Structure formats: C-alpha cells, structure tokens
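# Working through the structure, step by step
Residues per chain are reported as follows:
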Amino acid sequence: MGKAKDFIQRSLVVCKPDAVQRGIVGEILQRFERVGLKIVGMKMVMPGEDQYKEHYEGIGQMITRRGEQAFRYNVDYMLSGPVIAIVLEGVEAVPLVRKIVGSTEPKAADMGTIRGDFAHMSFGYSDAKQVGVPNLVHASGSPEEAKKEIKLWFTPEELYDYSDLNEKYTR
Ligand code: ADP
C-alpha cells in the first residue's frame, strides 16, 4: 500500500487552436473543474515549432507511433493559433483526465467525453484532407510524460500550491 500523497498527480491539458477558435474553452474547463480537479497553472500561449516537436516527438514519440506524415500535419495544426495550457492536479489525475478527454479519434470517442461530445472528425477524413485531427484537447499520456510536459510548458513560478474547497471531499 502506497502513501496517499503518492496518488496525487499533475496532468498537462492543452486546449488546442480549434477549441480556442470555437469558443468552447469554458465548457471544456468546466468538465475538469466539476469532477474536483484543481487548476494549479493556466495561460494562453502560442508555442513555436521547436516546442511542439519536443512535445510530440521528444516526449510523445509520435513519429514512431503514428508516422512522419501524421506528425507533420499535427504540428501544422497546432501552429495554427494560440492555445490555453492548463495544469490540473488531483487523485490519479493523469488517467482521470484522459478518461474525461476520450480517445484520439473523435469519431470513435465515447459520448460523454470532450472529444466525443464536441467533435466528429475521423482519421480517414483528416488523412485524405492532409490535416491534423482537430480533437480539441491534449492530455498527458502517463505520469512520466506529464512531468516532462509540464516542465516544457511551465516555469516553476507559474505553478501554484494552494488548498481548494473541493479537497475535503475529492481527496
Ligand atoms: P493523443 O493526443 O490522443 O495522445 P497522439 O499522441 O497519438 O494522440 O497524437 C497527437 C495528436 O496528433 C492527436 O491528438 C491528433 O490531434 C493528431 N493525430 C494523431 N494521429 C493522427 C493522424 N493519423 N493524422 C492526423 N493527425 C493525427
């Protein structure tokens, strides 16, 4: 049996350019807040190609998993506008956030998830159109990736330790 504090994780969420441009950042954020996840960092940014290459390949190994072409389309999609970067904290927050976000392809994402409820794009269509799959949100895939991603996107001064009122019940 581990110590309780070892179950507390932080996850990086990025509301992607399509979420910002569609004006649904508030609705997305609400889904994380209502399960009791705590916002410990948040900002609007427009990272350059180097940061996205580090994020998706250096850390996420996307070329190995999805191929060079999907990687290129995805980087171009992410470069198409500003994004909202958020760090969420909570009990086993990494898998919890992934559950709330849903699977990568919106067509296949369960209803009730962000990608399933707010998008409908398929891999086939985006490949034919030669674009990244606009699926609204990035969420860290594992606690190890989350640590690396948070370090890439946020300085220590941009992250806050505080108690929120949910914690009595959600921790
Ligand atoms: P996830 O974001 O669900 O962890 P991946 O890390 O595999 O998924 O891919 C990163 C992002 O690249 C996806 O969220 C999606 O926007 C885009 N993407 C994934 N596969 C493809 C593909 N075959 N064609 C175009 N874009 C893709």
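This one's a predicted model, so the numbers in the text were calculated from it and none came from an experiment.

With that settled, the discussion passes to the site of the ligand. Neighbouring residues of the ligand: 17 residues in total, closest Arg65, Arg66, Thr104, Val133 and Asn135. Within the contact set of the ligand, an oxygen atom lies 3.0 Å away from a side-chain nitrogen or oxygen of Lys16. At 3.0 Å from an oxygen atom of the ligand is found a side-chain nitrogen or oxygen belonging to Arg98. Look at the ligand: alone it shows 530 Å² of surface, and the protein chains cover 93% of it. Put simply, the parts of the chain that give the shell around the ligand at least two residues each are helix H4 (62-66), helix H5 (68-78) and helix H8 (123-129). Looking at the shell around the ligand, its residues break down into seven nonpolar, four polar and six charged.

Within the secondary structure, Val40 sits in strand E2 (residues 38-45). The spacing of Val40 and Arg10 is 30 residues in sequence and 8.6 Å in space, taken between C-alpha atoms. The residues touching Val40, leaving out its near neighbours within four places in the chain, are Arg10, Val87, Glu89, Glu158, Leu159, Tyr160 and Tyr162.

Let us now look at the pattern of salt bridges. When charged atoms on two side chains of opposite charge get close, those side chains can pair. Tallying each qualifying case throughout the model produces twelve salt bridges. Taking the shortest distance from any N to any O, the salt bridge between Lys5 and Asp6 comes out at 3.6 Å. Each member of the salt-bridge network shares a partner with another, and the members are Arg10, Lys38, Glu89, Asp161, Glu167 and Arg171.

Among the residues of helix H9 (residues 143-153), Ala146, Glu149, Ile150 and Trp153 are the ones counted as buried. Down the axis of H9, the buried set is contained in an arc of 100°. They therefore lie on one face. Within H9, the exposed residues directed more than 90 degrees away from the buried face are Glu144, Lys147, Lys148 and Lys151. Packing partners of the buried residues in H9 comprise strand E1 (8-15), E2, helix H3 (49-59), strand E3 (83-91), helix H6 (93-101) and strand E4 (137-139).

Direction vectors running N to C along H3 and H9 enclose 170°, while the axes themselves pass 11 Å from each other. Classed by the angle they form, the pair H3 and H9 counts as roughly antiparallel. Two secondary-structure elements touch here, H3 through Gln51, Tyr52, Glu54, His55 and Ile59 and H9 through Glu145, Lys148, Glu149, Leu152 and Trp153. Grouping the amino acids of the contact of H3 with H9 by side-chain chemistry returns four nonpolar, two polar and four charged.

Conventions and cut-offs
- Residues numbered from 1 in each chain as written.
- Predicted model: local features only at pLDDT ≥ 70, side-chain atom pairs only at ≥ 80, totals over all residues.
- Heavy atoms only, no water.
- Near = heavy atom within 4 Å.
- Polar contact = N/O pair within 3.5 Å; in protein donor to acceptor, adjacent residues only side chain to side chain.
- Areas by Shrake-Rupley, 256 points an atom, 1.4 Å probe, with all protein chains shown as cover.
- Helix = DSSP H or I, 4+ residues; strand = E, 2+ residues; numbered from the N terminus.
- Nonpolar A, V, L, I, M, F, W, Y, C, P; charged D, E, K, R; others polar.
- Contact = heavy atoms within 4.5 Å.
- Salt bridge = Lys/Arg side-chain N within 4 Å of Asp/Glu carboxyl O.
- Buried < 20%, exposed > 50% of the residue type's maximum accessible area, 1.4 Å probe, protein only.
- Arc of directions from axis to C-beta.
- Axes fitted to C-alpha atoms, helices over the stretch in contact; angles between N-to-C directions.
- Parallel < 35°, antiparallel > 145°, perpendicular 65-115°, else oblique.

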